[in-house]
Amino acid sequence: MLSEKSRPVIEATLPVVGENIGAIAQRFYQHMFGEHPELLDGLFNRGNQAEGTQQQALAGSVAMFATALVEHPDRLPEHLLQRVAHKHASLGLRPDQYQVVYDNLMWAIGDVLGDAVTDEVAAAWSEVYWLMAFALIHMERGLYSARGVRPEIVWRDWEVTEKTRETDDVVTFRVKRLDDRPVRTSLPGQYVTVKMLMPDGVHQPRQYSLTRADDGEHRSFAVKRVRGDGKPAGEVSNLLHDTVDVGDVITMSLPFGDVVLDDSGRPLVFCSAGIGVTPMAGMLSHLVAAGSHFDVTVLHADADEESFAVRGQVLADVRALPNARMYVWYEQDATGTLDVDGRFAGMMDVSAVDLPAGAAYVLCGPLPFMQAVRSALIDRGVPPQDIQYEVFGPDLWQADAD
Ligand SMILES: Cc1cc2nc3c(=O)[nH]c(=O)nc-3n(C[C@H](O)[C@H](O)[C@H](O)COP(=O)(O)OP(=O)(O)OC[C@H]3O[C@@H](n4cnc5c(N)ncnc54)[C@H](O)[C@@H]3O)c2cc1C
Ligand code: HEM
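Below you will find a few notes about this structure. (Residues numbered from 1 in each chain as written. Chains lettered and ligands numbered in written order. Predicted model: local features only at pLDDT ≥ 70, side-chain atom pairs only at ≥ 80, totals over all residues. Heavy atoms only, no water.)

**A look at helix α8 (residues 277-289)**
Given a rise of 1.5 Å per residue, 13 residues ought to cover 18 Å, and the 18 Å separating the end C-alpha atoms of α8 matches this to within 8%. A large share of α8 lies buried, amounting to 11 of its 13 residues. On its buried face, α8 sits against β4 (203-209), β5 (218-224), β7 (268-273), β8 (296-302), α9 (311-320) and β11 (360-364). Within two residues after α8, Gly-291 carries a phi angle of roughly 65°, on the positive side. (Helix = DSSP H or I, 4+ residues; strand = E, 2+ residues; numbered from the N terminus. Expected span 1.5 Å × (residues − 1). Buried < 20%, exposed > 50% of the residue type's maximum accessible area, 1.4 Å probe, protein only. Contact = heavy atoms within 4.5 Å.)

Here's what the structure looks like:
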């Protein structure tokens, strides 16, 4: 809890910090990577740095955390922290690294705000930082210890046993353990971080959702090639597509991720678009493996049927479940040969289908898609806390932050 001494100082300086938080986050990363270039080798995602999305996510989280401390001093923004802790753990983050971020963040606050940062202001913001840091360190320690690992050993090498073309832009990799150590179980909906050695000698991590339930030996994930379209082409997705083949060895983390299946027995509704189908494929595969009788509705939107990745697997799993159905929306037109329960033209419109009462919803796809679907669901009376969503990048939305 924020101390009585710091609370009025944070309240008074929140507006100026909030206004400048974007600049602070930018200066922070520049300074930190200048001092610690090793953090760009295998830890930070340089695509997100180039796009500025990680800077925005960090700025948003600090501003939101400080606001929450002032408005509700007795509780922490649990969702926000969980998402960050899972992402950190999937990168093998260590508690001692929090000091490095602290030093550079405080430097950046001073650099941007100048004389406004009195000793009192610096002390109050240090308190906010360490409250957030200790909450994250505590969660991350819990995540590591639940899996019986230390941060250094979240990584393991896997051999590619299958590479399957799903669509023009998507391939699925199936990988197998190389030794006989047990494969840690994944929860339905979780992702792994894949760490690749880039041609310039730097390692780059990227997250990929697991598309199949565990079998004790393999993991599967599907990668969409990120085309440049005027900007630089995505570096890891293209490297995976173009250079990684059957027999190659890749480095992957244990599975993490806070957006996981609600297995309380409530009806489930999955709403995905494009490559956002991958966590849904993983959840369906887990449901089939468990012989589930849950009521499941799968809604998926794509450009057309040919672009719909892992569609054969998804439909087979829907058909293998006794209580599941699937509807699709294709932007071009409503043609296709998949034997689905309903096919529509245009953008996903949740009012076109009957949705079960009291369902738990999971959304995944581009941000505008998820924003539109979430709004439509809320308009239909779905409580926001029943809607989970996965963002394939730093979460710039933070709609369910608390
Ligand atoms: C939880 C989670 C789960 C995910 N699951 C999946 C999944 O199942 N399947 C999947 O395919 N993806 C998934 N992703 C996304 C994946 O992690 C990668 O982000 C994606 O593959 C792109 O990585 P990349 O290295 O190819 O692109 P990057 O090189 O990281 O580029 C990303 C974007 O940044 C732009 N960019 C790069 N450099 C610059 C620059 N200098 N200036 C301007 N713009 C620039 C690129 O044009 C591109 O649009 C997931 C992400 C998360 C967080
Ligand atoms: C209180 C301190 C910290 C806060 C508030 C914080 C916040 C965040 C947030 C909001 C994200 C984005 C999560 C998402 O939406 O996916 C993130 C990701 C990340 N954080 Fe932290 N973080 C902190 C400490 C650290 C430390 C100590 C390190 C290591 C030096 C670190 C390294 C990373 C990395 C590598 C990512 C992923 C970046 C990417 O994918 O672009 N963080 N953090």
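Once the structure has been displayed, the description carries forward.
**Some words on the sheet that holds strand β2 (residues 170-177)**
Taken in spatial order, the six strands make up an open sheet running β4-β3-β6-β1-β2-β5, and their pairing is antiparallel. Single-partner strands in this sheet number two, and they are β4 and β5. In this sheet, neighbouring strand axes are inclined to one another by 40° on average, regardless of whether the strands run parallel or antiparallel. Direction of pairing for strand β1 (residues 155-165) relative to strand β6 (residues 249-253): antiparallel, over a ladder of five bridges. Residue pairing across strands places Asp-157 opposite Thr-251, the latter belonging to β6. (Pairing = 2+ DSSP bridges. Axes fitted to C-alpha atoms, helices over the stretch in contact; angles between N-to-C directions.)

**Remarks on helix α10 (residues 367-379)**
In a regular helix each residue adds 1.5 Å, so 13 residues correspond to 18 Å; α10 covers 18 Å between its end C-alpha atoms and thus fits that length. For α10, every residue scored as buried is listed here: Phe-369, Met-370, Val-373, Arg-374 and Leu-377. Buried residues of α10 fall within an arc of 120° about the axis and therefore sit on the same side. Turned more than 90 degrees from where α10 packs its buried face, Pro-368 and Asp-379 sit exposed. Of the surrounding elements, those touching the buried residues of α10 are β7, β8, β11 and β12 (387-390). Trailing α10 by a residue or two, Gly-381 shows a phi angle of about 95°, which is positive. (Arc of directions from axis to C-beta.)

**Considerations on the site of ligand 1**
Lining the immediate environment of ligand 1, one finds 26 residues, of which Arg-206, Gln-207, Tyr-208, Pro-232 and Ser-237 sit closest. At 2.9 Å, a backbone N or O of Glu-235 approaches an oxygen atom of ligand 1. At 2.8 Å from an oxygen atom of ligand 1 is found a main-chain nitrogen or oxygen belonging to Val-236. Protein contacts shield 85% of the accessible area of ligand 1, which totals 980 Å² for the unbound molecule. Those elements giving two or more residues to the shell around ligand 1 turn out to be α2 (46-51), β4, β5 and α7 (235-243). The biggest single contributor to the shell around ligand 1 is β4, with four residues. (Near = heavy atom within 4 Å. Polar contact = N/O pair within 3.5 Å; in protein donor to acceptor, adjacent residues only side chain to side chain. Areas by Shrake-Rupley, 256 points an atom, 1.4 Å probe, with all protein chains shown as cover.)

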